[in-house]
Structures are given as C-alpha cells and as structure tokens.
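Take a look at the letters that make up each chain.
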Amino acid sequence: MSSTTNCLKTIGSPSLEELKGSPGFPDEHHMKKGPIAIIECIEAIPCNPCETACPKGAIVVGHPITNLPTLDVEKCIGCGLCIAACPGLAIYVKDYTYSDTEALIVFPYEYYPLPSIGDKVTMVNRRGAEVCEGKVLKINLSEKNNKTPVISVSFPKKHFEEIVSMKRI
Ligand code: SF4
Ligand code: SF4
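Residue numbers restart at each chain and count upward from 1, following the sequence in its written direction. By the order in which they are written, chains take letters starting at A while ligands take numbers starting at 1. For this predicted model, a pLDDT threshold of at least 70 governs which residues receive local features, and a threshold of 80 or more governs which side-chain atom pairs are given and counted, while totals over whole chains, interfaces and linings are taken from all residues. Only heavy atoms go into the side-chain values, all of them from the structure, while hydrogens and water stay out.

So, about the packing of aromatic side chains. Aromatic ring pairs are reported here in terms of the distance separating the ring centres and the angle at which the planes meet. Stacked, tilted and edge-to-face are the three classes assigned to paired rings of Phe, Tyr and Trp, where Trp is represented by its six-membered ring and a pair needs centres within 6.5 Å; plane angles under 30 degrees give stacked, over 60 edge-to-face, the rest tilted. Within the structure shown, the criterion is met by three aromatic pairs. Considering the side-chain rings of Tyr-96 and Phe-160, the 5.0 Å spacing of their centres and the 80° angle between planes classify their relative orientation as edge-to-face. Placement of the pair is Tyr-96 in the loop between strand E4 (91–95) and strand E5 (102–108) and Phe-160 in the loop between strand E8 (150–156) and strand E9 (165–166), with a sequence separation of 64 residues. Consider the rings of Phe-107 and Tyr-109, whose centres lie 6.4 Å apart with planes at 80°: the pair is edge-to-face. An identical accessibility class is assigned to Phe-107 and Tyr-109; each is buried. Taken together, the ring pairs connect Phe-107, Tyr-109 and Tyr-111 into an aromatic cluster. Criterion for a charge above a ring: Lys NZ or Arg CZ within 6 Å of the ring centre, and within 35 degrees of the ring normal. The ring centre of Tyr-96 lies 4.9 Å from the NZ or CZ of Lys-32, which sits over that ring. A helix here means a DSSP run of H or I that spans at least four residues, while a strand means a run of E at least two residues long, and both kinds are numbered starting from the N terminus. Remark: exposure states derive from per-residue accessible area (1.4 Å probe, protein chains only) relative to the maximum for the residue type, with buried under 20%, exposed over 50%, and partly exposed in between.

This is the structure in structure tokens:
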C-alpha cells in the first residue's frame, strides 16, 4: 500500500504527507529548532480550546470554528499548555534539541495504570507500531490539565519524526 493510501480516510490516522500539508504541523526547520507544539488535527470539526489555551497566541482557529488550527511557529515556545486542552488528544510537544543523542516528547496519556518516573517504556508511531524504547522523565497531573495526564519521555533522536506516543502498559 502506498503512503497516499495510508491516510486518514482509509486507515483512520493521518499520513505524514497529510500532516505536513496541514497548518498545525511545523516545518522541518522549526520542528528541529527547539521545543514546539505539533498539531495533528486535519478534520474540519467545530472545536477551538487549543486556541484559547495558548498563552502566546500561537494557535489560531478563528472563524468559522471549523477552521483547522494554525500554529504560528515563531510564537510557540513549546510550553505544552495546549496539550491537555485538546479533547481530541491531537497535540503533543517535541524537542529535538533535548540532548546530543535524545529527543523529548510531551504527550497526553489517558490510560491506566500510568507509568512511573524513570520507567523504560515502548514508544510508538502514529499507527501504534512499536519503534523504540523511551525513558519517562515527568508525569504532569496538574489540576489545570482537566484530568488528562501529560507525560514527558526521552527517546533516541534518530526516531524523532516517527514517535508520537508510548504503548499502553
Ligand atoms: S506549546 Fe505553548 S506556546 Fe506552543 S502552541 Fe502550545 S500553548 Fe502555545
Ligand atoms: S482542540 Fe484539538 S481537536 Fe480541537 S481544534 Fe484544537 S487541535 Fe483540533
């Protein structure tokens, strides 16, 4: 199956090509410059809490509310406040510059049990396939996150583009 048939409509998750053509997906340069939000929201649904959650005005949905969210890569500081605000779990933050050998991902995780800090976990791509091992660095259970745990995991930099979450434990 080609990458163009592996798309949102055929298998329920977007292809990298679809995402790269969407306004919430940072370009390659900004993606690797430092911590930045990545928005995988490519269906025109009436939704905009990501817009109001961002203290920097880096996400714009505007009018009509069915617009796809647009990320302003110059304004985003990768703070992650938009992650738990998204009811569709469509936003995560990645940092390519985390260390010489590892990248960081901060993502929503609504499964139990939760991992513990220091755990080795299995990282997955957007199809849910296992890719590599990661190390849990932080579990954010802040009240502000509407009961959505937000987890930070480091993983080998060479898998930066593929990783979107961790496998359930
Ligand atoms: S990571 Fe922070 S600055 Fe970037 S879009 Fe999300 S809330 Fe805004
Ligand atoms: S909150 Fe999430 S689902 Fe809603 S528009 Fe923003 S990114 Fe899309």
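Here Ser-154 shows up in strand E8. Here Ser-154 falls in the buried class, since its relative accessible area comes to 2%. Should any heavy atoms of two residues lie within 4.5 Å, those residues are considered in contact. Ser-154 has contacts with Tyr-98, Glu-102, Ala-103, Leu-104, Glu-133, Gly-134, Lys-135 and Leu-137, leaving out every residue within four places of it along the chain.

Next up on the list: the nonpolar core. The biggest cluster of nonpolar side chains holds 22 residues, and the ones touching the most others in it are Ala-37, Ile-59, Leu-71 and Ile-91. Of all elements in the fold, only strand E1 (36–39), E4 and E5 reach the threshold of two or more residues within this core. For this core, the element with the highest residue contribution is E1, accounting for three residues. Excluding residues that lie within four positions of it along the chain, Leu-71 makes contacts with Pro-23, Gly-24, Pro-26, Ile-36, Ala-37, Ile-39, Ala-58, Ile-59 and Cys-76. What is meant by a nonpolar core is a set of buried Ala, Val, Leu, Ile, Met, Phe, Trp, Tyr and Cys residues, joined one to another through side-chain atoms within 4.5 Å.

Moving on, we get to the pairing of E8. Of all seven residues in E8, six are buried, a share of seventy percent or more. Between any two strands, pairing holds if DSSP finds at least two bridges. Of the pairings in the sheet, the one linking E5 to E8 comprises seven bridges and is antiparallel in character. Looking across to E8, one finds that Glu-102 is bridged to Pro-156.

Ile-39, Cys-41, Ile-45, Cys-47, Pro-49, Cys-50, Pro-69, Cys-86, Pro-87 and Ile-91 make up every residue found near ligand 2. Classification used: nonpolar for Ala, Val, Leu, Ile, Met, Phe, Trp, Tyr, Cys and Pro, charged for Asp, Glu, Lys and Arg, polar for all others including Gly. Taken together, the residues of the shell around ligand 2 sort by class into 10 nonpolar, no polar and no charged. Put simply, a residue is near a molecule or strand once any heavy atom of it comes within 4 Å of that molecule or strand.

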